[in-house]
Structures are given as C-alpha cells and as structure tokens.
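Tertiary structure, described
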Amino acid sequence: MRHLNSLLDLTPIEVETIFGLTRSLKERSKRGERPQVLSGHVLAQVFEKPSLRTRLSFDAAMMQLGGSSIFLNAKDAGLGGREAVEDVARVIGGYSDVIALRTFSQKLIDTFIEYSGVAVINGLSDERHPCQALTDVFTMQEVFGDLTGKKCVFVGDGNNVASSLAIAAALCGMHLTVCAPEDYRLEEKFLNALTKKFPAAKVEQASSGSFKSALKDAAIVYTDVWTSMGQEAEAEERQAIFGPYQVNSSLMKLAPKSCRFMHCLPAKRGLEVTDDVIDGSQSIVFQQAQNRMHLAKGLLLWVLEKSV
Ligand code: CP
Ligand code: NVA
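Throughout, residues of each chain are indexed from 1 in the direction in which the sequence is written. By the order in which they are written, chains take letters starting at A while ligands take numbers starting at 1. Local features in this predicted model are restricted to residues of pLDDT 70 or higher, and side-chain atom pairs are both shown and tallied only at a pLDDT of 80 or more, whereas totals for entire chains, interfaces and linings draw on every residue. Side-chain figures throughout are based on the complete set of non-hydrogen atoms in the structure, without hydrogens or water.

The interhelical angle for the contact between helix α2 (residues 53–64) and helix α12 (residues 285–303), taken along N-to-C directions, is 55 degrees, at an axis separation of 8 Å. One finds that α2 runs oblique with respect to α12. For the pair α2 and α12, the sense of crossing is right-handed. Across the interface between the two elements, Arg53, Thr54, Ser57, Phe58, Ala60, Ala61, Met62 and Gln64 of α2 pack against Ala289, Arg292, Met293, Ala296, Lys297, Leu299 and Leu300 of α12. Under the grouping applied here, Gly and all other residues not named as nonpolar or charged are polar, the nonpolar ones being Ala, Val, Leu, Ile, Met, Phe, Trp, Tyr, Cys and Pro and the charged ones Asp, Glu, Lys and Arg. Of the residues assigned to the contact of α2 with α12, the class counts are nine nonpolar, three polar and three charged. Every angle, taken between N-to-C directions, lies between 0 and 180 degrees, and every axis is a line fitted to C-alpha atoms, over only the stretch in contact when it is a helix. The way it works is that DSSP assigns letters per residue, a run of H or I at least four long becomes a helix, a run of E at least two long becomes a strand, and they are numbered from the N terminus. Oblique is the label for any angle not covered by the other classes, which are roughly parallel (under 35 degrees), roughly antiparallel (over 145) and roughly perpendicular (65 to 115). Each crossing is labelled by how the near helix is turned from the far one, with a counterclockwise turn of less than a right angle marking it left-handed and a clockwise turn marking it right-handed. Every residue pair with non-hydrogen atoms within 4.5 Å of one another is taken to be in contact.

Here we take up the confidence of the model for the protein. Summing up the model confidence of the protein, the mean pLDDT is 97 and the portion of residues at 70 or higher is 100%. Within the protein, strand β9 (residues 260–263) carries the highest mean pLDDT (99), whereas helix α3 (residues 74–77) carries the lowest (94). Confidence of the predictor at the level of single residues is captured by pLDDT, which takes values from 0 to 100.

Attention shifts here to the site of ligand 2. Around ligand 2, a shell composed of Leu124, His129, Asn159, Asn160, Val161, Asp224, Val225, Ser228, Met229 and Leu265 is seen. N or O atoms closer than or at 3.5 Å make up a polar contact, with two conditions inside protein: a donor-capable atom paired with an acceptor-capable one, and, for residues adjacent in sequence, both atoms drawn from side chains. Between ligand 2 and asparagine 160, the relevant distance is 2.9 Å, taken from an oxygen atom to a side-chain nitrogen or oxygen of the residue. Between ligand 2 and the protein, one listed contact pairs an oxygen atom with a backbone N or O atom of methionine 229 at 2.8 Å. Using the Shrake-Rupley algorithm and a 1.4 Å probe, accessible areas are obtained, with residue cover drawn only from the displayed protein chains. Burial of ligand 2 by the protein chains amounts to 95% of its free accessible area of 270 Å². The near set for a molecule or strand comprises every residue that places at least one heavy atom within 4 Å of it.

The amide bond that connects leucine 265 to the next residue, proline 266, takes the cis arrangement and shows omega of 5 degrees. On the secondary structure map, proline 266 appears in the loop between β9 and α11 (275–278). Even without being glycine, leucine 124 reaches a positive phi, approximately 115 degrees. The residue leucine 124 is located in the loop between β4 (119–122) and α6 (130–144) in this model. Despite not being glycine, leucine 265 shows a phi value in the positive range, around 65 degrees. Tracing the sequence through the fold places leucine 265 in the loop between β9 and α11.

Salt bridges are identified by distance alone: a Lys or Arg side-chain nitrogen within 4 Å of an Asp or Glu carboxyl oxygen. Throughout the structure, instances matching the rule amount to 15 salt bridges. Between arginine 238 and aspartate 157 there is a salt bridge, and its shortest N-O distance comes to 3.0 Å. Here aspartate 157 lies in the loop between β5 (151–155) and α7 (160–171) and arginine 238 lies in helix α9 (residues 235–242), a separation of 81 residues in the sequence. Accessible area is worked out with a 1.4 Å probe on protein chains only. A residue is then buried under 20% of its type maximum, exposed over 50%, and partly exposed in between. Arginine 238 sits in the buried class, given a relative accessible area of 5%. For aspartate 157, a relative accessible area of 4% translates into the label buried.

Close to ligand 1 lie Ser51, Leu52, Arg53, Thr54, Arg102, His129, Gln132, Cys264, Leu265 and Arg292, which account for all nearby residues. A distance of 2.9 Å is found between a nitrogen atom of ligand 1 and a backbone nitrogen or oxygen belonging to cysteine 264. The class makeup of the residues in the shell around ligand 1 is three nonpolar, four polar and three charged.

Here the focus is α2. What sets the pattern is the α-helix's 3.6 residues per turn: residues three or four places apart point alike. To estimate the expected span of a helix, subtract one from its residue number and multiply by 1.5 Å. With twelve residues, α2 extends 16 Å between its outermost C-alpha atoms, agreeing within 8% with the 16 Å of an ideal straight helix rising 1.5 Å per residue. The element α2 is extensively covered by neighbouring structure, given that nine of its twelve residues are classed as buried. By the burial criterion, the buried members of α2 are Arg53, Thr54, Ser57, Phe58, Asp59, Ala60, Ala61, Met62 and Gln64. Downstream of α2 by one or two residues, glycine 66 has phi in the positive range, about 90 degrees.

Where strand β1 (residues 42–47) lies against strand β2 (residues 68–73), six bridges are found, and the strand directions are parallel. Each bridged residue has a counterpart across the sheet, and for alanine 44 the counterpart in β2 is isoleucine 70. We call a crossover right-handed when, viewed with both strands directed away from the observer, the connection leading from the first strand over the helix to the second proceeds clockwise. Handedness of the crossover joining β1 and β2 through α2: right-handed. Two strands form a pair only when DSSP identifies at least two bridges running between them.

The next subject is the packing of aromatic side chains. Put simply, two rings from Phe, Tyr or Trp (the six-membered ring, in Trp's case) pair if the centres are within 6.5 Å, and we call them stacked under 30 degrees between planes, edge-to-face over 60, tilted for the rest. Summed over the entire model, instances satisfying the criterion amount to seven aromatic pairs. With centroids separated by 4.4 Å and ring planes inclined at 10 degrees, the aromatic side chains of phenylalanine 211 and tyrosine 245 adopt a geometry described as stacked. Here the residue phenylalanine 211 occupies a position in the loop between β7 (202–205) and β8 (220–223), and tyrosine 245 occupies one in the loop between α9 and α10 (249–253), the gap between them amounting to 34 residues. For tyrosine 245, a relative accessible area of 4% gives the class buried. Aromatic pair tryptophan 226 and phenylalanine 242: ring centres 5.9 Å apart, planes at 15 degrees, arrangement stacked. Here phenylalanine 242 lies in helix α9 and tryptophan 226 lies in the loop between β8 and α9, a separation of 16 residues in the sequence. Exposure remark for tryptophan 226: the relative accessible area of 5% places this residue in the buried category. Grouping aromatic residues by their ring pairs yields a cluster made of Tyr184, Phe211, Trp226, Phe242 and Tyr245.

Laid out in structure tokens, this is it:
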C-alpha cells in the first residue's frame, strides 16, 4: 500500500516516477486528452481546515482522470468525537480507494494510514505539506531544468511548508537556506532526521542579523504566510516579529535578476509579500498553483499504482 505522508518516506527515484507521470499528464492535458485511467475510482477528501488549491486540484484531477471525489468536513465526518477516529477511518476506507486529509495533528493522518486500509495522502498537517513541496520542486524543474546545486532561499516562518520544502530540496540535490526569526526556525530534531536520511542534504538556517546576504546567489526566493491556519491568536505578535522578513522589491533586488519568486498561496498581500513582487515579472506563483492539479494527477496514479 502506497501513501504520501511525509516526503521523508520517499526516495529520489519515487519522486522522479511521480514527476514523470505528472509531466506526461500535463502534456496530454494541454493537448485536450483526458485519459480515463481512474474510471470507477473514488477519492474521499476529509478536511479540518479550509482549502482552495488542495481540495480543488484533487477534485479536478479525479474528474479529469475519470474518477470521482467526495468531500467531507471534519464535523460531518464525525471527527469531533461522534465516534472513534479509528472507526471513521475504517468506514471511509471501505467506500473509497484513496483518502486525502487536511488536519491539525499529524497523528490523525497516521491513524488513517493504520486503519483505513487504503492509500492516504497528507493534504497538509501542522507539520507537513508534501503535495505542495512536490509541486514546488516540479515547477522549479520546469523553469530551471536540473536543480542540482541551485539555491532556494525561504524567507519567513519555518513552518509546514518550509520543512516539506527542505525535504524536497534534499531529494532533488538543491540547496535551501531558511531565513527565519530566531524562535521560528526549522527544529533541530527535524533537521537531524533530514540529514540522517539524506546525508548530502544542504539545508542551512541563516542568522537573523545577516540573513539578507543569503540572497546574493538565490535562484528562487520563497515565502509563505506568517500566521498559518490554527495560529490565528498569534497573528498580531507574529506580524511584529516577521516585519523585517517581508519579501518586497528591495529584498528581491539583493538576488540576481534571474531569481524567481514563489509562494504556496494563499498570500497575505502587504504582509509577507508586496503586490509588486507577487504580481511582478519574477513571480511564478500561478504556474506553481496550476501545477498543483497536474501533480495531484501524477500522485494519485502513483499511490494507486497505475500508469499512463
Ligand atoms: N497551497 C495550498 O495548499 O493552498 P490551499 O490551502 O488553498 O489548499
Ligand atoms: N503554512 C500555511 C500553508 C497554507 C497552504 C498554513 O498551514 O496555513
């Protein structure tokens, strides 16, 4: 049984297989082809948090591949205590071939993997966002080709998006520098697990006083919201702390002209990124967002062990 829980579970060859499927399906989609390889298959999406891209990209991917998608919010699924989570997982698994989850706790996803009996995809948890990071690296490859030795600079919160990007970078031989305020960096425990799995990984954390020097050889500048879903009570405090980490035109000028700007979206314009950067010529955020659907197709085929 294949799952996508953490990118730490994947090998570079598996990532290349997912990307190969994604590339092929994207090409075919551009030609108007809709191979019905998932005909009769059902995806159940169970989300505890809001979503535009993740939910819609999986819906569209399933429909274009001939399958169906069913959405349940956490309350309707009964995850609020109506019955045991293990029972919910078993029941949903009995009606579907694959389950995509968006959760607060990582443990909920682990429980579904243990009890549902079907393929499970992590559609974001407080700790991880593997579908996003795979799409990001796929998009970077479209723009730059081989990523070996290329440098991505993540400016902002060392959150779920940053940590999954760090693993994706290691899987593709890319360098990642995280520029985050002192208490918001990637955790040491996580970095130790990453370097244990990928000893050649080059993931650095810039010191808060001099993080801007990391930009001089950046191929990509990446940012995400300062306040993630579930952290709303900290929004004001975070805005004050993250102010110096805003990606604006002065910050982008510290990077080469060829540098591209990426953001997983949704963006809080005027906070972590200014309009002129996100709407500017270096931004590839909508190519990145659109690729979520193509990657969802490649990933669904991979977890379901199908080919095109
Ligand atoms: N990037 C991303 O996961 O977007 P949604 O929260 O809209 O799904
Ligand atoms: N870090 C953000 C990503 C949203 C796609 C969050 O968890 O809310």
